Amino acid sequence: MHRRTLITLAALAALSSTAGAQGQTVTIMASEYSFQGPDSIPAGMTTFRLLNSGSELHHVQVVRFEQGKTFDDFAAAVRNPGPPPEWLTFMGGPNTGIPDGKTPVTVTVNLPAGNYAMICFVPGPDGAPHIAMGMMRPLTVIPPPASATQASAPRADAVMTLYDYNFDLDKPLTAGRRTILVKNKAAQFHEAVLVKLPAGVPATAFLEWLGAGMQGPPPVIPMGGVVGITAGEENYFTVDLEPGNYALYC
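Chains are numbered independently. Their residues run from 1 in the order of the written sequence. Where local features are concerned, this predicted model is filtered to residues with pLDDT of at least 70; where side-chain atom pairs are given and counted, the filter is 80 or more; whole-chain, interface and lining totals use all residues. The side-chain values count all of the structure's non-hydrogen atoms but skip hydrogen atoms and water molecules.

Focus on the overall build of the protein
Next up, step 1: Helix and strand definitions follow DSSP, with helices as H or I runs of at least four residues and strands as E runs of at least two, each counted in order from the N terminus. The number of helices and strands found in the protein is two helices and 17 strands.
Next up, step 2: Each principal axis of the C-alpha atoms in the protein carries an extent, and together these give about 50 × 45 × 35 Å.
Next up, step 3: For every residue, the accessible area (1.4 Å probe, protein chains only) is compared with the maximum for its type, and the residue is labelled buried under 20%, exposed over 50%, or partly exposed between those bounds. Relative to its 250 residues, the protein shows a buried fraction of 46%.
Next up, step 4: We call two residues in contact whenever any of their non-hydrogen atoms come within 4.5 Å of each other. At a minimum sequence separation of 6, the contacts of the protein that also span at least 24 residues come to 73%.
Next up, step 5: Of the accessible surface of the protein, which amounts to about 11400 Å², a share of 54% is contributed by carbon and sulfur atoms.
Next up, step 6: The protein carries 15 positive and 19 negative side-chain charges, and their two centres are separated by 7 Å. Each accessible area value is a Shrake-Rupley result obtained with a 1.4 Å probe; residue values ignore everything except the protein chains displayed when judging cover. In this charge count, Lys and Arg are treated as positive and Asp and Glu as negative; neither His nor the chain ends contribute. Charged side chains are reduced to one point each, which is NZ for Lys, CZ for Arg, CG for Asp and CD for Glu.

See below:
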């Protein structure tokens, strides 16, 4: 697991980003241990809006099945421990936010038609990932209507590049509503978990909480981010940033 503390955000009266949801918006409700959402959506630029009504942290890992594989193939593969099948493409999706049922985490992904799944890999207090408790749901992405207008990508305020093993921002982040284009240029798939650090709390506190079994509320404020994306994939993460100290983790 690697991390990098973000620079302190300046309390600037900067213009807020005009970036927002482009194309369709899909709301996913997470709880212990299931997702509520649509069974199928049209292909194209898709904004996933994650709301967590549970008491534990959850995220939505969107994976695409290649080589004609189906959700049944994936469910069978899950029962056999080992590395992810080579026919999975990690498309990203919204990372974990505040579990209050009303604070969304918003991530935009361009989805081609195909068979997908939404998964939660976050470990529970017993250390078992939520997928082991059945927290996975099929999603079919169908070709859009012939008359549909292709949506454009959101306008990014900054670009975050993921490497083995580091994060790189092309410019400082300032307070306000910001859309960050996240690119994976590493050889492996990576994620970006963004948290706000309360006053006096070091970036290591979150890792210590994870290592201790995630007992009680986290010592940091989960702000979302992007879950695992395969090398070459991109996501757009939109977040409201207040002045303060933040940290990134993978």
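Back to the write-up after that little detour.
Focus on the sheet that holds strand S8 (residues 105–111)
Next up, step 1: Any two strands with at least two DSSP-identified bridges between them are counted as paired. With mixed pairing, the eight strands of this open sheet are ordered in space as S3-S2-S5-S8-S16-S13-S11-S12. Looking at which strands have only one partner, the edges of the open sheet turn out to be strand S3 (34–36) and strand S12 (166–169). Across the sheet, the mean angle separating the axes of adjacent strands is 25° when strand polarity is ignored.
Next up, step 2: Bridge analysis of strand S11 (residues 158–163) against strand S13 (residues 176–184) gives five bridges, and the strand direction is parallel. Each residue of the ladder has a partner; that of Thr161, found in S13, is Lys183. In this description, a line fitted to the C-alpha atoms serves as the axis of each element, helices being fitted only across the stretch in contact, and the angle between N-to-C directions of two axes falls anywhere from 0 to 180 degrees.

Points about the environment of Thr103
Next up, step 1: Take Thr103: it is sitting in the loop between strand S7 (88–92) and S8.
Next up, step 2: Separated by 52 residues in sequence, Thr103 and Leu51 have C-alpha atoms that sit 6.4 Å apart.
Next up, step 3: When residues no more than four places from it in sequence are discounted, the contact partners of Thr103 are Leu50, Leu51 and Ile98.
Next up, step 4: Counted as a polar contact is a pair of N or O atoms within 3.5 Å, where, for protein atoms, one must be capable of donating a hydrogen and the other of accepting one, and residues adjacent in sequence contribute only when both atoms are in side chains. A polar side-chain atom of Thr103 sits 2.6 Å from a polar atom in the side chain of Asp100.

Regarding the nonpolar core
A general tendency of soluble globular proteins is for nonpolar side chains to be buried together.
Next up, step 1: Core analysis: the largest hydrophobic core is formed by 52 residues, its most contacted members being Phe35, Phe48, Leu111, Met160, Leu194, Phe237 and Tyr249.
Next up, step 2: Top contributing element to this core by residue count: strand S14 (residues 190–197), with five residues.
Next up, step 3: The next biggest cluster of nonpolar side chains, apart from the first, holds nine residues, and it includes Phe65, Phe74, Trp87 and Ile131. By convention a nonpolar core is built from buried Ala, Val, Leu, Ile, Met, Phe, Trp, Tyr and Cys residues, the set being connected through side-chain atoms within 4.5 Å.

Thoughts on unusual backbone geometry
Next up, step 1: Note that the residue after Glu32, namely Tyr33, is joined by a cis bond; omega there is -10°.
Next up, step 2: Checked against the element boundaries, Tyr33 lands in the loop between strand S2 (24–31) and S3.
Next up, step 3: The phi dihedral of Met214 falls on the positive side, at around 55°, and the residue is not glycine.
Next up, step 4: Residue class for Met214 comes out buried when judged on its relative accessible area of 13%.

Quick notes on the pattern of salt bridges
Next up, step 1: Within this document, salt bridges are pairs made up of a side-chain nitrogen of Lys or Arg and a carboxyl oxygen of Asp or Glu, the two lying within 4 Å of each other. If you walk through the whole model with that rule in mind, you get four salt bridges.
Next up, step 2: Across the pair Arg177 and Asp240 runs a salt bridge whose closest N-O atoms are separated by 3.1 Å. Here the residue Arg177 occupies a position in strand S13, and Asp240 occupies one in strand S16 (residues 234–241), the gap between them amounting to 63 residues.
Next up, step 3: Residue Arg177 is classed as partly exposed on the basis of its relative accessible area, which comes to 34%.

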